[in-house]
Amino acid sequence: MAEMRREWIVNAVLAMALLIVPLVALWINEPFYVTLATRVAILALAGVGLNLALGLGGMVSFGHAAYFGLGGYVAGIMAHHAFTGLPMWIGVTGSNQMLWIWLWAALLSGFLALIIGALSLRTSGIFFIMITLAFAQMIFYFTLSWPAYGGEDGLPIFVRNQFPGLNTMRPWDMFILSYGVLMLALVFFAMLRAARFGAALMAIRQNPDRAAAVGISPFGVKLAAFVLSGMITGLAGAMMADLTRFVSPAMIAWQMSGELIVIIILGGVGRLFGPVAGAAILVAFEVIFGGITEHWQFFLGLILLGVVLFARGGLIGLLAGRARHG
Amino acid sequence: MSVALFAEQLLNGVQFGLMLFLMAAGLTLVFGVMGLINLAHGSLYMIGAFVCAAAAAAFGSFWLGLIAGLAAAAAAGALIELTVIRRLYDRDHLDQVLATFALILILSEGVRMIFGPFPLYLSVPDLLRGTVDLGITRYSLYRLALIGIGIAVAIGLWLLIAKTRLGIQIRAGESDREMIAALGVNIRWLYTVVFALGAALAGMAGALVGAIQSVQVGMGEPVLILAFVVIVIGGIGSIKGAMVGALLVGVIDTMGRFLLPRIFAAFLDPAQAMGVGAALASMLIYLLMALVLILRPRGLFPAHG
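The numbering scheme is per chain: residues are counted from 1 as the chain's sequence reads. Numbering of ligands from 1 and lettering of chains from A proceed in the order in which they are written. Residues qualify for local features only when their pLDDT is at least 70, as the model is predicted, and side-chain atom pairs are given and counted only at 80 or more; totals for whole chains, interfaces and linings, by contrast, use all residues. Side-chain metrics rest on all non-hydrogen atoms present in the structure, leaving aside hydrogens and water.

Some words on the overall build of chain B
A count of helical and extended segments in chain B gives 11 helices and two strands. Listing every helix and strand of chain B by position from the N terminus yields α-α-α-α-β-β-α-α-α-α-α-α-α. This radius of gyration counts C-alpha atoms alone. The globule rule is 2.2 Å times how many residues there are, raised to the power 0.38. In summary, chain B has a C-alpha radius of gyration of 20 Å against a globular reference of 19 Å for 305 residues, a match within 12%. If one aligns the C-alpha atoms of chain B with their principal axes, the spans along those axes are about 65 × 50 × 35 Å. Strands are runs of DSSP state E lasting at least 2 residues, helices are runs of H or I lasting at least 4, and numbering of each runs from the N terminus.

Looking at the overall build of chain A
Within chain A one finds 13 helices and two strands. Rg of the C-alpha trace for chain A: 19 Å, near the compact-globule value of 20 Å for 326 residues, within the 12% margin. Principal axes of the C-alpha set define a box for chain A whose edges measure 55 × 50 × 40 Å. Counting the 326 residues in chain A, one finds 55% classified as buried. The contact definition used throughout considers only heavy atoms, calling two residues in contact when any of these lie within 4.5 Å. Taking the contacts inside chain A whose residues are at least 6 apart along the sequence as the reference set, 79% of them involve residues at least 24 apart. For accessible areas, the Shrake-Rupley method is used with a probe of radius 1.4 Å. Any residue's cover is judged against the shown protein chains and nothing else. Looking at chain A as shown, the accessible area adds up to about 13700 Å², and 70% of this sits on carbon and sulfur atoms. Placing the 16 positive and 11 negative side-chain charges of chain A at their respective mean positions leaves the two points 16 Å apart. Only protein chains enter the accessibility calculation, which uses a 1.4 Å probe. A residue is then buried if its area is under 20% of the maximum for its type, exposed if over 50%, and partly exposed in between. Under the convention used here, Asp and Glu are negative, Lys and Arg are positive, and both His and the chain ends fall outside the count. Where a charge lies is defined by one atom per residue type, namely NZ (Lys), CZ (Arg), CG (Asp) and CD (Glu).

Some remarks on the environment of A:Ala250
Residue and element names in this part refer to chain A. Along the chain, the position of Ala-250 falls in the loop between β2 (246-247) and α10 (254-267). For Ala-250, a relative accessible area of 51% translates into the label exposed. Remark: the alpha-carbon pair of Ala-250 and Gly-278, spanning 28 residues in sequence, is separated by 21 Å.

Describing the layout of surface pockets
The pocket and cavity definitions rest on a 1 Å grid over protein atoms only: a 1.4 Å probe that fits but cannot leave marks a cavity, an open set with protein on both sides within 12 Å along at least five of seven lines marks a pocket, and residues lining either have an atom within 4 Å of a point. Grid points are joined across faces, edges and corners, and a volume is the space filled by probe spheres set on the points. The calculated volume of the largest pocket comes to roughly 1200 Å³. What lines the largest pocket is a set of 48 residues, and nearest its centre among them are A:Tyr141, B:Gly218, B:Met219, B:Pro222 and B:Val223. Counting residues per element, the lining of the largest pocket draws most heavily on helix α1 (residues 3-34) of chain B, which supplies seven residues. Each residue receives one of three labels: charged for Asp, Glu, Lys and Arg, nonpolar for Ala, Val, Leu, Ile, Met, Phe, Trp, Tyr, Cys and Pro, and polar for the others, Gly being one of them. Partitioning the lining of the largest pocket into residue classes produces 27 nonpolar, 14 polar and seven charged.

Overview of a nonpolar patch on the surface
Residues and elements named next belong to chain A. The residues that make up patches have over 30% relative accessible area and no salt bridge, and they are joined within 9 Å when like-charged or within 5 Å when they are Val, Leu, Ile, Met, Phe, Trp or Tyr. When a carboxyl oxygen of Asp or Glu lies within 4 Å of a side-chain nitrogen of Lys or Arg, that pair is called a salt bridge. Residues Met-16, Ile-20, Val-24, Trp-27 and Ile-28 make up a contiguous nonpolar surface patch of about 570 Å² in total accessible area. Relative to the helices and strands, Met-16 resides in helix α1 (residues 2-27). Here Met-16 falls in the partly exposed class, since its relative accessible area comes to 46%.

Things to note about the interface of chain B and chain A
Contacts between the two partners involve 46 residues from chain B, matched on the other side by 43 residues from chain A. Taken over both partners, the interface formed by chain B and chain A buries close to 4100 Å², and the fraction arising from carbon and sulfur atoms is 84%. Linking chain B to chain A there are zero salt bridges. Looking at the side of chain B that touches chain A, the elements that each hand over two or more residues are α4 (93-115), α9 (220-234) and α11 (270-295) of chain B. In terms of residues, the side of chain B that touches chain A owes the most to one element, α4(B), which gives 16 residues. By convention, the term buried area covers the 1.4 Å-probe accessible surface removed from two parts as they join, with the contributions of both added.

Quick word on the packing of α1(B) against helix α5 (residues 141-163) of chain B
Residue and element names in this part refer to chain B. Fitted lines through C-alpha atoms serve as axes, helices being fitted only where they are in contact, and the angles separating the N-to-C directions of these axes extend from 0 to 180 degrees. The interhelical angle for the contact between α1 and α5, taken along N-to-C directions, is 30 degrees, at an axis separation of 9 Å. Regarding the angle of α1 to α5, the classification is roughly parallel. Here the hand of the crossing between α1 and α5 comes out left-handed. Residue-level inspection shows Leu-11, Asn-12, Val-14, Gln-15, Leu-18, Met-19, Phe-21, Leu-22, Ala-25 and Leu-29 of α1 in contact with α5, the latter providing Arg-143, Leu-146, Ile-147, Gly-150, Ile-151, Val-153, Ala-154, Leu-157 and Ile-161. Its residues assigned to classes, the contact of α1 with α5 comprises 15 nonpolar, three polar and one charged. Reported orientations rely on four angle classes, namely roughly parallel under 35 degrees, roughly antiparallel over 145, roughly perpendicular from 65 to 115, and oblique for the rest. Each crossing is labelled by how the near helix is turned from the far one, with a counterclockwise turn of less than a right angle marking it left-handed and a clockwise turn marking it right-handed.

So, α11(B)
Between its first and last C-alpha, α11(B) extends 36 Å over 26 residues, near the 38 Å set by a 1.5 Å rise per residue. Note on bend: at a given residue it equals the angle between the axes fitted to the 7 residues ending there and to the 7 starting there. Its maximal kink placed at B:Leu284, α11(B) deviates by approximately 40 degrees. Every helix has an expected span of 1.5 Å times one less than the residues it contains.

Digging into the packing of aromatic side chains
How two aromatic rings sit relative to each other is given by the distance of their centres and the angle of their planes. Centres within 6.5 Å are what make two rings of Phe, Tyr or Trp a pair, Trp counting through its six-membered ring; a difference in plane orientation under 30 degrees is then read as stacked, over 60 as edge-to-face, and the rest as tilted. Per the stated rule, a full pass over the model turns up 21 aromatic pairs over all chains. Between A:Phe298 and A:Phe299, the aromatic rings sit 5.4 Å apart at their centres with planes inclined by 80 degrees, giving edge-to-face as the arrangement. With a relative accessible area of 32%, A:Phe299 lands in the partly exposed category. Summarising the aromatic geometry, the rings of B:Phe62 and B:Trp63 are spaced 5.2 Å apart at their centres and angled 90 degrees between planes, so their arrangement reads as edge-to-face. Classification of B:Phe62 as buried rests on a relative accessible area of 6%. According to the relative accessible area criterion, B:Trp63 is partly exposed, its value standing at 36%. A connected cluster of aromatic rings, assembled from ring pairs, spans A:Phe285, A:Phe289, A:Trp296, A:Phe298 and A:Phe299.

Some details on the pattern of salt bridges
A complete count under the given rule lists eight salt bridges over all chains for this structure. Here A:Arg170 and A:Asp173 are joined by a salt bridge, their closest N and O atoms 3.7 Å apart. A:Arg170 sits in the partly exposed class, given a relative accessible area of 46%. By relative accessible area, A:Asp173 is classed as buried at 7%. The partner of B:Arg257 in a salt bridge is B:Asp253, with the nearest N and O atoms 3.2 Å apart. One end of the pair, B:Arg257, and the other, B:Asp253, are both in helix α10 (residues 239-264), four residues apart, so they sit about a helical turn from each other. Overall, the relative accessible area of 43% leaves B:Arg257 in the partly exposed class. Residue B:Asp253 is classed as buried on the basis of its relative accessible area of 7%.

Concerning the packing of helix α12 (residues 296-310) of chain A against α4(B)
Following both chains from N to C, one finds α12(A) and α4(B) inclined at 155 degrees, their axes separated by 8 Å at the closest point. One element, α12(A), and the other, α4(B), form an angle in the roughly antiparallel class. α12(A) and α4(B) meet at a crossing whose hand is left-handed. Within the contact between the two elements, α12(A) uses A:Gln297, A:Phe298, A:Leu300, A:Gly301, A:Leu302, A:Leu304, A:Leu305 and A:Val308 and α4(B) uses B:Asp95, B:Leu98, B:Ala99, B:Phe101, B:Ala102, B:Leu103, B:Leu105, B:Ile106, B:Glu109, B:Gly110 and B:Met113. Across the contact of α12(A) with α4(B), the residue classes tally to 14 nonpolar, three polar and two charged.

Concerning unusual backbone geometry
Residue and element names in this part refer to chain A. Of note in this structure, Asn-29 is not a glycine but carries a positive phi near 60 degrees. Positionally, Asn-29 belongs in the loop between α1 and α2 (31-56). With a phi close to 55 degrees, Arg-245 is a non-glycine residue in the positive phi region. If you trace the backbone, Arg-245 turns up in the loop between α9 (218-244) and β2.

A look at the confidence of the model for chain A
If pLDDT is low for a region, its predicted coordinates should not be looked at in detail. The predictor's confidence in any single residue is recorded as pLDDT, a number from 0 to 100. This prediction gives chain A a mean pLDDT of 89; 97% of its residues lie at or above 70. Here helix α13 (residues 314-320) of chain A stands out as the element of chain A with the lowest mean pLDDT, 73, in contrast to α9(A), whose mean of 96 is the highest.

A word on the side chain of A:Gln137
Inspection of the secondary structure puts A:Gln137 in helix α5 (residues 125-145). For A:Gln137, a relative accessible area of 3% gives the class buried. The residues touching A:Gln137, leaving out its near neighbours within four places in the chain, are A:Trp254, B:Pro222, B:Ile225 and B:Tyr286.

Right, here's the structure in full:
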């Protein structure tokens, strides 16, 4: 119990820190750090999505960049049509309303996750990793060679999409919006984990045969979790597109899928705030070491290797003790 | 569309497939014997290409470069196995993915530090310059040589696995790891040798392909992911499956890129046909993979159970 209380303290500190850092940045007039904190929040949101599949369900998806990128392209394409006024399909025009865009980003990402998940979940283990990676690569090459929306040059979003009551072009408004969505997603994750669904999902991860024996369908539960996971990551993609005001195939590249897994591992697999800690570490590392050497990825690789080989459990595992996860 | 062009594209597909086989064979061997997923296999391909290009420029000979590239990839493979990979055999796949992903970051940036940020160029050896007349078409002599080398390596690999003592140990390792260790085979040494062998094949593919593409950081991973598609189609752990999968992927990808825009041109305007055709062609092999998964979830030639 002491360890659980310690994890809640760590979580509260992380949630407060992510709020206080941009507040201080705003106060000393450094909007760059507000945007950096927004990046952390959105990457963490994408990580929350993957954590659902990977952390709770044990599904090592190496293709979550596909949903991240699809969400991004939904935002980019809808904004593009709203900006140019050209209809998307017969009669349907674009939109610059975030809520409407997010709905479509989540729905379409969920649909893609349904197709890829239904195919990939026929297999498991090493096959699953390679297949999710391959399908993400398929989406990557598709966006690369489809000329209508920029192809390999990507698609700019000239004016950030709008959210009722906020001026999304102001860094703080964009931050608090991302932060709010991240917190909602974390509440959702915690509720799901505590619900019967979460229990079933974790039971399947630990022992699919035993779960099946008590009447839980492993395929159905895992697929449902995979779809929810894709939807959250897709939503994060739409928000990232608005933050950077640019979408390109790079959002779907295999490195992005790897980065999302790294975020979860650095933070702590299956931990509620694991993705938040992981995203913060990754972004901080990129800013600090990226400023010192252009070869910062070399050192990221060394640290990652060290974490995997010698310090399993990630940052939250280090601060709050080893998880019951296993 | 002329028969000559069609034949040339078909040969390109076979050549591409055989180079994919060199990559896939190493991956599938390492998985079959050690149960390990190695994302850094693409980095070994890159190392082979870079060392070959640098050595060829230094010695003025492609063949010395090729030997150097092969040796460097094998040595890098053995070194990686001894320092990192060895600790991963008992870990779950997630740890293997992460550690080898970390290796990609380290090796890619390491190569960038040593060779600089710009691509290197490796030219085709004088001996294999030009084209040959095959009756229906003239074909690049170098690409023809790649086909020959690919076939020779495949036969050599088959002989190694079917006829030699090492091959017996590899096959025994695939069916029961603990048992062959109990029978007194030095399993640690066997693992290092298999990993270095896979690395050498990847390095060879990188060096050979380096002469027809530019040699740059990040060249390995797209090929690696295609090699994954190959072994998912062929059946993981199976050399025969890797060969069939590689040829299928190589030929279907190349022919798709060649034929689909032409097919769409029959009923779309040219610019649109190019776009739709190219986009669809880029997805073709993944659709093939999906089809194989629906019909044969364990691949065409499942090696285990």
